[in-house]
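Overview (structure and organization)
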Amino acid sequence: MIGLIACMATGVFAESALDPLNDAGVGTFSAKIQSVNMYRDYENNTPQDAGSATLGAALGYESPERGGFSIGGTYIYAEPLVASDDSNHGKTLLANGRVNIVNEAWVQWRFDVLGMSNTTVRAGRQVVNDEVFYSATFRQKPMSIEAIRFTSKDVLPATSVSVGHAWRLSNWVDNDGDWLFRDFDNVLGIRPAEDSRGLTWGDLVYTGMDNLEVAVFDAYVHNILNMMGMRTGYEIVEGTTVVGYYRHENSIDDTDVLLPYDSDMFSMALQQKIGDVNTEFGYFGVYGDDLKLGELSTGIRHPLGLSMIIYGNQFAGGADTVYAKATTKVGKLSLYGLFNHTWHSRQPYSAQEINGVASYPLTDKLTAAVKLGVGFRDYDDGSDDRIASDSRLFLTYTF
């Protein structure tokens, strides 16, 4: 597998393989081949460890605009090549198994005819990154939703608007069924299942004042819950920014499948540039019940939403977390680090987790990324302390 990608780097596959198609004026094609190699060791009551390696391919297309209309899509396929027996072919513990899906398939209209070139409506399967949905590629595919979405920078001064309704969601988790497009009651694990009729959302991001950004948003999961929140960032002086984040989630009164539910999340942080290093030091707290719209469902736009093993259980009700994040570049080498310490009022332990990522372009087309994560749970009575580790190697070749 690694040899296959190395061959591509040395020219077995022409660097301009897609150029004839893209030069023909019929649209823009893109493609990549990626290997995701993982090993995990979770020290629980019975130690668990597993390894798997998948090789995946993604093919994308976006048409030219004609009368404001365009179409696009992405197909992703991944297959486990090597997997330890106890990982269930890379799925159960690692979520690094088989994927075979049209992850995007959309049609879009741009409002040029109305003089609003920064306004679009897009319908179909699509990858979205906004205040409600936050899609990162943790495995072979990014999270995607089936939705109709309106976006604009024209309707309100200095404000980005995103409004939409999603019927189903396909998660980044490469596990049995989780990567398929599923109703939101299944995504949120509501049992017995309740027809949620989807998620309706809206968010506004205002940047009309110097050094200030304010975002407000709301997500209504029909028949299940509502989430509202805001995010702010203010640059005090050049290189120093204070950021704040608040979310409130509560169950809908007429549901009969979800127990009365109420959760609040607060986060405050200081972002500081120190030479060539960007740092962030902050606090993250969850009060009331567990967060339901988070890393494993809709994603969450926060540094802790990118932790590798979530060993601190920082999204649980009663969890308080302090964290530190740092990013920098040394030549072509990109470095990322995230540390968090979490303590609980309802769980009998505190926990720490440290994650590191190093990414380097081996050629113009081939990139290697190494990710390492280590977590430690310190139980109050000291009788069952545990360690977990997670290591990954990503090799990505783009055409």
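1. Overview of the packing of aromatic side chains
- Counting across every chain of the model gives 13 aromatic pairs.
- Residues F111 and F150 carry aromatic rings whose centres are separated by 6.0 Å and whose planes lie at 75° to one another, so their mutual orientation is edge-to-face. Of this pair, F111 sits in strand β4 (residues 99-111) while F150 is found in strand β6 (residues 144-152), placing the two residues 39 residues apart along the sequence.
- On the basis of relative accessibility, which here comes to 13%, the residue F111 falls in the buried class.
- Given the relative accessible area of 25%, F150 is considered partly exposed.
- Between F284 and F315, the aromatic rings sit 5.7 Å apart at their centres with planes inclined by 85°, giving edge-to-face as the arrangement. One end of the pair, F284, is in strand β14 (residues 277-288); the other, F315, is in the loop between β14 and β15 (319-330), and 31 residues separate them in sequence.
- One aromatic cluster in this structure is built from F69, W109, F111 and F150.
- The positively charged end of R122 is found above the aromatic ring belonging to W106, 3.6 Å away from the centroid.
- In this structure, K292 packs its charged tip against the face of Y261, placed 5.2 Å from the ring centre.

2. Examining a negative patch on the surface
- The grouping of E43, D378, D380, D381 and D385 at the surface amounts to a negative patch.
- By secondary structure assignment, the location of D385 is in the loop between β18 (366-379) and β19 (386-398).
- The exposure class assigned to D385 is partly exposed, which follows from its relative accessible area of 31%.

3. Structural notes on the pairing of β18
- Relative to β18, strand β17 (residues 349-361) is paired through 13 bridges, and the arrangement is antiparallel. Pairing of A351 across the sheet is with R377, part of β18.
- Here β17 folds back onto β18, and the loop between the two strands holds four residues.
- Two strands pair when backbone bridges link them, and β18 and β19 are joined in this way by 12 bridges, in the antiparallel orientation. If you follow A368 over to β19, its bridge partner there is L395.
- What sits between β18 and β19 in their antiparallel hairpin is a turn of six residues, with G382 showing a positive phi close to 70°.

4. Some points on the nonpolar core
- By size, the foremost hydrophobic cluster in this structure holds 36 residues, and its most contacted members are V132, F133, I145, L199, W201, V221 and F284.
- When residues in this core are grouped by element, the largest group, three residues, is from strand β10 (residues 212-221).
- Dropping the residues within four chain positions of it, F133 is found in contact with V128, M143, I145, A166, L169, F184, L199, W201 and T298.
- L93, L94, I309 and Y311 belong to the second-largest nonpolar core, a separate cluster that totals 12 residues.

5. A few points about the confidence of the model for the protein chain
- Here the protein chain averages 90 in pLDDT, while 92% of its residues score no lower than 70.
- Confidence over residues 1-14 falls short of pLDDT 50; this stretch has 24 contacts with residues more than four positions distant or in other chains.

6. What to know about unusual backbone geometry
- Even without being glycine, A95 reaches a positive phi, approximately 50°.
- In this structure, A95 sits in the loop between β3 (69-83) and β4.
- Under the relative-accessibility criterion, A95 is labelled buried at 9%.
- In the Ramachandran plot, N211 falls in the positive-phi region, its phi being about 70° despite a non-glycine side chain.
- Here N211 shows up in the loop between β9 (199-206) and β10.
- Take N211: its relative accessible area is 43%, and that puts it in the partly exposed class.

Here is what the cut-offs are and how they apply
Residues numbered from 1 in each chain as written. Predicted model: local features only at pLDDT ≥ 70, side-chain atom pairs only at ≥ 80, totals over all residues. Heavy atoms only, no water. Phe/Tyr/Trp six-rings, centres within 6.5 Å; stacked < 30°, edge-to-face > 60°. Helix = DSSP H or I, 4+ residues; strand = E, 2+ residues; numbered from the N terminus. Buried < 20%, exposed > 50% of the residue type's maximum accessible area, 1.4 Å probe, protein only. Lys NZ or Arg CZ within 6 Å of the ring centre and 35° of its normal. Patch = residues over 30% accessible without salt bridge, like charges linked within 9 Å, V, L, I, M, F, W, Y side chains within 5 Å. Areas by Shrake-Rupley, 256 points an atom, 1.4 Å probe, with all protein chains shown as cover. Salt bridge = Lys/Arg side-chain N within 4 Å of Asp/Glu carboxyl O. Lys, Arg positive; Asp, Glu negative; His and termini not counted. Charge placed at Lys NZ, Arg CZ, Asp CG, Glu CD. Pairing = 2+ DSSP bridges. Core = buried A, V, L, I, M, F, W, Y, C linked by side-chain atoms within 4.5 Å. Contact = heavy atoms within 4.5 Å. pLDDT = per-residue confidence, 0-100.

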